[in-house]
Amino acid sequence: MLQPTNGCLQHNGSVDQPSSSSTVNGSATGNGDGQEQSISCNIKGRSSQEIVRLIGQHLKLIGLNQTAEVLMQESGCRLEHPAATQFRHHVMDGEWHKVNADLNELQALVGNSCQYFSDMKFLICEQKYLEYLEDGKVLDALHVLRNELTPLQHNIDKVHILSSYMMCSGRDELMKRANWEGKGHKSRTLLMDMIQQFLPPHIMLPPKRLHMLLTQAVELQRNQCLFHNTTFDDSIETVSLLTDHKCSLNCSYCREQIPCETVQILTEHCDEVWFCRFSPNGKKLATGSKDASIIIYDVDPETLTVEQSITLDGHSYGVSYLSWSPDGELLMACGPEDCPDLWVWNVSTGVLRLKLSHSSDDSLTACSWHKDGQKFVCGGIRGQFYQCDLDGAVLDSWEGVRVNCLWCRSDGKTVLAADTRQRIRSYNFDELSDQNLIQEDHPIMSFTVNKTDRLALLNVVSQGVHLWDLQDKCLVRKFQGVTQGHFSIHSCFGGVNHDFIASGSEDNKVYLWHIKHELPIATLTGHTRAVTCVSWNPVYHQMLASVSDDCTVRIWGPAAKYRKQKSNKSDINNDSGSPSKHM
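Keep in mind that this is a model prediction, so the values were computed, not measured.

Definitions and cut-offs
- Residues numbered from 1 in each chain as written.
- Predicted model: local features only at pLDDT ≥ 70, side-chain atom pairs only at ≥ 80, totals over all residues.
- Heavy atoms only, no water.
- 1 Å grid on protein atoms, 1.4 Å probe; cavity = no way out; pocket = protein on both sides within 12 Å on 5 of 7 lines; lining within 4 Å.
- Points joined across faces, edges and corners; volume = space filled by probe spheres on them.
- Nonpolar A, V, L, I, M, F, W, Y, C, P; charged D, E, K, R; others polar.
- Helix = DSSP H or I, 4+ residues; strand = E, 2+ residues; numbered from the N terminus.
- Buried < 20%, exposed > 50% of the residue type's maximum accessible area, 1.4 Å probe, protein only.
- Arc of directions from axis to C-beta.
- Contact = heavy atoms within 4.5 Å.
- Pairing = 2+ DSSP bridges.
- Axes fitted to C-alpha atoms, helices over the stretch in contact; angles between N-to-C directions.
- Salt bridge = Lys/Arg side-chain N within 4 Å of Asp/Glu carboxyl O.
- Disulfide = S-S within 2.5 Å.

## Let's talk about the layout of surface pockets
Next, step 1: In this structure, the largest pocket encloses a volume near 1000 Å³.
Next, step 2: For the largest pocket, the lining is made up of 41 residues, of which Arg 277, Trp 407, Thr 448, Val 449 and His 498 are closest to its centre.
Next, step 3: Per-class residue counts for the lining of the largest pocket are 19 nonpolar, 17 polar and five charged.
Next, step 4: Taken together, 23 residues line the second largest pocket, and the ones lying closest to its centre are Lys 60, Leu 61, Arg 88, Thr 189 and Gln 196.
Next, step 5: Secondary structure elements with two or more residues in the lining of the second largest pocket: helix 1 (46–61), helix 3 (82–92) and helix 9 (185–196).
Next, step 6: Among the elements that take part in the lining of the second largest pocket, helix 9 stands out by supplying seven residues, more than any other.
Next, step 7: Taken together, the residues that form the lining of the second largest pocket break down as seven nonpolar, eight polar and eight charged.

Laid out in structure tokens, this is it:
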């Protein structure tokens, strides 16, 4: 039977019933009692027919099977081809001896329009193999492995992995090693979801298609909102589908959630402040200054203010870069160009954990932690590039790499380094391999990577802030507004989904952008000299810190009505620092 592409029912108005009738030119012949009947769809228009099918699929998904059947009968449409329905029933019932015949029938229906039947057969055999192993039917599983999976000559590496499961001691070990749900409705449903993706929609609808379309619509609306910084609409389960989410310059709620108002001005440093960074849990803020000190502040998540906790002194060259360990217990500090030393502090106790002084000729100005917190990398523009343990022992080194900035990737072994050749290269210390990822036309002063480990944000001399895709190795966007000369300016990602970007600037301002738009959504004024670094709180997303050569630290937050007030000498009125421009 060949199903018309519009999905109309062509056999007795029945739903989800396998049939052996044939279809000619969109009409079905043979109704089971020797009579011929041609039934047309009652819904006109392809889009309307597809909407009915999508609604029917969703009704079945939420358990309203009878309602779905009534809808299909009244509309004259059907969800899927009868052969696909029969295939589904046999898979869900685990009738594997019938499934292969069903798959051959589907292949005959589809013809050359689907090139993925090897993938489908492999998935089915894999499920059958795992179920036999779970039931203790080792010989049956071995038969599937040898006579069904191996002859497919498909995904050989996976076949080798599957064969190793023969050695599992029991069901629990099998499920753990195979990362498998076990025999039953859940794993078979996942199997059908994977198979549905390979079949054309007139045979079988893609899984959860209506849910997917609505999710895409919600995501599109959210991305069009330049000021969205809340979690309430991360999925369609938590947002109303009855109205559009639309944010504009006249929609104050989302705009006022962005940290655009000065909440505090901190004046504890007595010289230029070069760097700031919130801890991974968002509860502490560290600032480094030319005055040779690091100040640790405690964050109040209710008032979005900070309070000085401890001061770490003794950095004779000043502190130009800071990096928190993944657990937030240790803080690593580097100095400016001439500094040969690196410090690692225990923030909880204020005790110096390590002072690394490998050579007086070194320049250790950049550093980054590996994700396990047991190793770190450091380097500088004089050609030092070390990987060290927590005791300061140099485990590996890369000769001749003049480093401006470093970043350890989430794989635990790859390090990105911006060097003096206007590029970012990837270095694998385990394999001793390296490759070029990014090439700019001007020096890269600093960079950072977002939480997906895919996007890199660069501050480039005379160019400003550039966004790169590390996977595709392409320039995604150049953000406008910021003034970037030869000063070291540090930008950052921020917001609930890292949808925002912030950067300091040599024109004494802080610029905020939405990641999909080149023009700034806000320009924050208040500093009186160059803003060298900004840090967006990774947990309390309405909180931003900036530091400046004017010797101050500014804490930015949302509009006053969205935060609790606190009486403090460092609290200020909104008019002393606020966004001067929205675009």
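## Here we look at helix 8 (residues 171–178)
Next, step 1: Within the sequence span of helix 8, burial applies to Leu 174, Met 175 and Ala 178. The buried residues of helix 8 all sit within an arc of 95 degrees when viewed along its axis, so they share a single face. Across helix 8 from its buried face, at more than 90 degrees, point the exposed residues Asp 172 and Lys 176.
Next, step 2: On its buried side, helix 8 packs onto helix 5 (117–134).
Next, step 3: Where helix 8 ends, the next residue or the one after it, Asn 179, has phi of about 50 degrees, a positive value.

## Comments concerning the sheet that holds strand 8 (residues 321–324)
Next, step 1: Read from one edge to the other, the open sheet built from four strands follows the order 8-9-10-11, with strand pairing classed as antiparallel. Edge positions in the open sheet fall to strand 8 and strand 11 (351–356), since each of these has one partner strand only. Between one strand and the next, the sheet's axes are offset by a mean angle of 20 degrees, whatever the strand orientation.
Next, step 2: Two strands pair when backbone bridges link them, and strand 8 and strand 9 (residues 330–334) are joined in this way by four bridges, in the antiparallel orientation. By the bridge assignment, Trp 324 is partnered in strand 9 with Leu 331.

## Details of the sheet that holds strand 15 (residues 394–397)
Next, step 1: Spatially, the four strands line up as an open sheet ordered 12-13-14-15, and their pairing is antiparallel. Looking at the sheet topology across the chains shown, the edges are occupied by strand 12 (366–369) and strand 15. Between one strand axis and the next, the sheet turns through 20 degrees on average, direction left out of account.
Next, step 2: Both strand 13 (residues 375–379) and strand 14 (residues 385–389) contribute to a ladder of five bridges, which runs antiparallel. Across the sheet, residue Lys 375 finds its bridge partner in strand 14, namely Asp 389.

## Points about the pattern of salt bridges
Next, step 1: Applying the stated criterion to the full structure yields 21 salt bridges.
Next, step 2: Where Lys 183 meets Asp 135, a salt bridge forms, and the shortest distance between an N and an O atom there is 2.9 Å. With Lys 183 in the loop between helix 8 and helix 9 and Asp 135 in the loop between helix 5 and helix 6 (138–149), this residue pair connects regions lying 48 residues apart in the sequence.
Next, step 3: Overall, Lys 183 belongs to the partly exposed group, its relative accessible area being 38%.
Next, step 4: Residue classification places Asp 135 among the partly exposed residues on the basis of a relative accessible area of 38%.
Next, step 5: Taking the shortest distance from any N to any O, the salt bridge between Arg 454 and Asp 472 comes out at 3.0 Å.

## Observations regarding the state of the cysteines
Next, step 1: Counted according to the given criterion, the structure contains zero disulfides.
Next, step 2: The cysteine Cys 388 is free of any disulfide, with Cys 378 supplying the nearest cysteine sulfur at 4.4 Å.
Next, step 3: Among the residues examined, Cys 388 registers a relative accessible area of 0% and is labelled buried.
Next, step 4: Sulfur of Cys 492: no disulfide; nearest cysteine sulfur belongs to Cys 533 and is 7.5 Å away.
Next, step 5: According to the relative accessible area criterion, Cys 492 is buried, its value standing at 10%.

Shape descriptors only; they carry no functional weight alone.
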